[in-house]
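Chain residues, written in single-letter form:
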Amino acid sequence: MQAARHVVCALSGGVDSAVAALLLRRRGYQVTGVFMKNWDSLDEHGVCTADKDCEDAYRVCQILDIPFHQVSYVKEYWNDVFSDFLNEYEKGRTPNPDIVCNKHIKFSCFFRYALDNLGADAVATGHYARTSLEDDEVFQQKHVKRPEGLFRNRFEVRNAVKLLQAADSFKDQTFFLSQVSQDALRRTLFPLGGLTKDFVKKIAAENRLHHVLQKKESMGICFVGKRNFENFILQYLQPRPGKFISIEDNKVLGTHKEPTVFVRRGRAGEVVQSSNDDGASLPFLFTLLGLAQGTRRILFKAPQTDHPALYRDLLRTSRVHWIAEEPPATLVRDKMMECHFRFRHQMALVPCVLTLNQDGTVWVTAVKPVRALTLGQFAVFYKGDECLGSGKILRLGPSAHTLQKGKSKSRVATEGSIDGPGHGPGSGPTL
């Protein structure tokens, strides 16, 4: 009789990973639970939330009668995730540490630990996602070294594993998995991929997992927790002075000393409260059109949330991480490909056309202008149910406001602060 397959399940102390472990147990697998400690500090009340999460994960293992392990990736998280987070903020960009964490920590450090140290046949997480493999196919996978170079041999990836959206479209988390390696994906199970969140909660309630069911679901950045973001980020970054400038007439509206406070909101185009030099309240819409000028930072103000300065239809990414095919055959053959993309979790998918550059970057042309595109975010690409991969947004095309101004003046559109002439799809120069 064949021994039960060994699956190592990442446990966060929340309901999703707890139910994932339960379902694996029901399938007859030998399940081991592992809690990852990625951050080491106290919240504003002197409580280490990671310790409480670890206790909750341990209780899950007790209830399910499975082994429990704890591993620390504090050093790796600092080097590969948090340092990148700080560097992006200093550049005036909007980072997404959750995508970076999945790439470097959960599906690299944890993945290798599960296979090499615990002898796992596969790993599992509580993400709402699916792959193109059935469970039995996952257990048959072997490690395949990823070929070097931009265009890998098509023959070598004819059985590549696809990352597919979850059945619960609202909870789908493929956005956060868009940088995961093919090697890790082919050895990963997603037990919740075909379930809704409500059904997952029902399973937890029926199986004595009330302690995780009662926890408030975390929606913020993991290392910030419930702390004030402004106070937290200023522990690591020096505030720099700058100006508020009207996008309409370039008039100076006031000054600021803490640009990171405004960048912290995460998206261009949100209304925040600020003050001018006299301390008076200044409702202000920042757009991240402002770039560093020496040691001073400029933040632009627009009079309303639907201002044309917030809308663009063109962006350029870093070299794209393609999950199954690198790049997709259609894109290689035609140098262009129709698909959809999003740059925030749960936002509606946007129809677009990709144009492939020789260095593996892509131009993304949206079918219609999109609101609040921001440098540093990840553009995640989809074709039907399949998540194709993602690239970091490093360049933005002209805004609708700039185009309108150019047409009204000389019928020629320019965007000097972002892109000059000749920097669109097919123009040749790379970043």
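Structure: above.
What you see is a predicted model; the values in this text were computed from it and never measured. (Residues numbered from 1 in each chain as written. Predicted model: local features only at pLDDT ≥ 70, side-chain atom pairs only at ≥ 80, totals over all residues. Heavy atoms only, no water.)

## As for the overall build of the protein
No. 1: Check the secondary structure of the protein and you find 12 helices and 20 strands.
No. 2: Relative to its full complement of 431 residues, the protein shows a buried share of 53%. (Helix = DSSP H or I, 4+ residues; strand = E, 2+ residues; numbered from the N terminus. Buried < 20%, exposed > 50% of the residue type's maximum accessible area, 1.4 Å probe, protein only.)

## Examining the pattern of salt bridges
No. 1: Counted according to the given criterion, the structure contains 15 salt bridges.
No. 2: Taking the shortest distance from any N to any O, the salt bridge between Asp-56 and Lys-52 comes out at 3.0 Å. Of this pair, Asp-56 and Lys-52 both sit in helix 2 (residues 49-64), 4 residues apart, which is roughly one turn of the helix.
No. 3: Across the salt bridge formed by Glu-326 and Arg-319, the nearest N and O atoms sit 3.0 Å from each other.
No. 4: On the accessibility criterion, Arg-319 (42% relative accessible area) is partly exposed.
No. 5: Connected through shared salt-bridge partners, Asp-84, Glu-88, Arg-93 and Lys-392 make up one network. (Salt bridge = Lys/Arg side-chain N within 4 Å of Asp/Glu carboxyl O.)

## Focus on the packing of aromatic side chains
No. 1: Counted by the stated rule, this structure contains 14 aromatic pairs.
No. 2: Between Phe-82 and Tyr-236, the aromatic rings sit 4.9 Å apart at their centres with planes inclined by 80 degrees, giving edge-to-face as the arrangement. Of this pair, Phe-82 sits in helix 3 (residues 74-90) while Tyr-236 is found in the loop between helix 9 (229-233) and strand 8 (242-246), placing the two residues 154 residues apart along the sequence.
No. 3: Each residue in the set Trp-39, Tyr-77, Trp-78, Phe-82, Phe-85, Tyr-89 and Tyr-236 is aromatic and connected to the rest through ring pairs, giving one cluster. (Phe/Tyr/Trp six-rings, centres within 6.5 Å; stacked < 30°, edge-to-face > 60°.)

## Concerning the environment of Asn-87
No. 1: Turning to its location among the elements, Asn-87 is positioned in helix 3.
No. 2: With 150 residues separating them along the chain, Asn-87 and Leu-237 place their C-alpha atoms 9.4 Å apart.

## Let's talk about helix 1 (residues 15-26)
No. 1: Given a rise of 1.5 Å per residue, 12 residues ought to cover 16 Å, and the 16 Å separating the end C-alpha atoms of helix 1 matches this to within 8%.
No. 2: Taking burial as the measure, the 12 residues of helix 1 include 10 buried ones, the bulk of the element.
No. 3: For helix 1, the full list of buried residues reads Val-15, Asp-16, Ser-17, Ala-18, Val-19, Ala-20, Ala-21, Leu-22, Leu-23 and Leu-24.
No. 4: Among the residues trailing helix 1, Gly-28 stands out with phi positive, at a value near 90 degrees. (Expected span 1.5 Å × (residues − 1).)

## Regarding the sheet that holds strand 2 (residues 30-37)
No. 1: One open sheet holds the 5 strands; their spatial order is 3-2-1-4-7, and the pairing between them is parallel. This sheet does not close on itself; its edge strands, each paired only once, are strand 3 (68-72) and strand 7 (188-189).
No. 2: As paired elements, strand 4 (residues 122-124) and strand 7 share 2 bridges and run parallel to each other. Counterpart to Val-123 in the pairing with strand 7 is Thr-188.
No. 3: Strands in contact with helix 1 are strand 1 (6-10), strand 2, strand 4 and strand 7; relative to strand 1, the strand with the most contacts, it is inclined by about 170 degrees. (Pairing = 2+ DSSP bridges. Contact = heavy atoms within 4.5 Å. Axes fitted to C-alpha atoms, helices over the stretch in contact; angles between N-to-C directions.)

## What about the side chain of Ser-390?
No. 1: Note that Ser-390 resides in strand 20 (residues 386-396).
No. 2: For Ser-390, a relative accessible area of 0% puts it in the buried group.
No. 3: Of the polar contacts made by the side chain of Ser-390, one reaches the side chain of Gln-179; its length is 2.9 Å.
No. 4: Each residue touching Ser-390, except ones within four places of it in the same chain, is listed here: Ser-178, Gln-179, Val-320, His-321, Phe-378, Ala-379, Val-380 and Phe-381. (Polar contact = N/O pair within 3.5 Å; in protein donor to acceptor, adjacent residues only side chain to side chain.)

## Description of the environment of Ser-178
No. 1: Tracing the backbone through its elements, the reader meets Ser-178 in the loop between strand 6 (163-164) and helix 6 (182-185).
No. 2: When its relative accessible area of 0% is taken as the criterion, Ser-178 is described as buried.
No. 3: As a C-alpha pair, Ser-178 and Val-380 span 202 residues in sequence and 6.6 Å in three-dimensional space.
No. 4: Leave out the neighbours within four places in its chain, and Ser-178 touches Ile-99, His-321, Ile-323, Val-380, Cys-387, Gly-389 and Ser-390.
No. 5: Engagement of the side chain of Ser-178 in a polar contact is seen with the side chain of Ser-390, the distance being 2.9 Å.

Functional significance is not addressed by these values, which are geometric in nature.
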